[in-house]
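Structural characterization, general
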Amino acid sequence: MTMSDNAASTSERREQITKLLCDILEIDPAEITETSLFKEDHGADSLRAIEILAALERTFDITIDQAELSRMVNLEGVESVVDQAQSAR
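Residues numbered from 1 in each chain as written. Predicted model: local features only at pLDDT ≥ 70, side-chain atom pairs only at ≥ 80, totals over all residues. Heavy atoms only, no water.

On to the overall build of the protein. Along the backbone of the protein there are four helices and zero strands. When its helices and strands are written in sequence order, the protein yields α-α-α-α. Seen through its principal axes, the protein has C-alpha atoms that stretch 40 × 30 × 20 Å. Residues counted as buried form 34% of the 89 residues belonging to the protein. Looking at the protein alone, contacts between residues at least 24 apart form 48% of all its contacts between residues at least 6 apart. For the protein, the exposed surface amounts to about 5600 Å²; the carbon and sulfur share of it is 49%. In the protein, 8 side chains carry a positive charge and 19 a negative one; their mean positions are 3 Å apart. (Helix = DSSP H or I, 4+ residues; strand = E, 2+ residues; numbered from the N terminus. Buried < 20%, exposed > 50% of the residue type's maximum accessible area, 1.4 Å probe, protein only. Contact = heavy atoms within 4.5 Å. Areas by Shrake-Rupley, 256 points an atom, 1.4 Å probe, with all protein chains shown as cover. Lys, Arg positive; Asp, Glu negative; His and termini not counted. Charge placed at Lys NZ, Arg CZ, Asp CG, Glu CD.)

In this structure, arginine 13 sits in helix 1 (residues 3-25). Taking relative accessible area as the criterion, arginine 13 reaches 13% and is therefore assigned buried. Arginine 13 has contacts with Phe60, Val82, Asp83 and Gln86, leaving out every residue within four places of it along the chain.

And the structure:
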């Protein structure tokens, strides 16, 4: 995999994650930023957090420990958790 392939796959993964989050949180993609908080800025509750975790596992064919929910508070955190889970496969 070349550096540009890696950048493309990272960009594609971010788009997939953003779309998934926007669908679950019922928000427009323009509303979500790297650091906007799901709970405080977008009104997510614990049920939505579990829904996000399950959707990420299905979409990326990974397993995420529920303990990681504490890190999954924004787009940046979700990307980090997905990165780690994919590396662990």
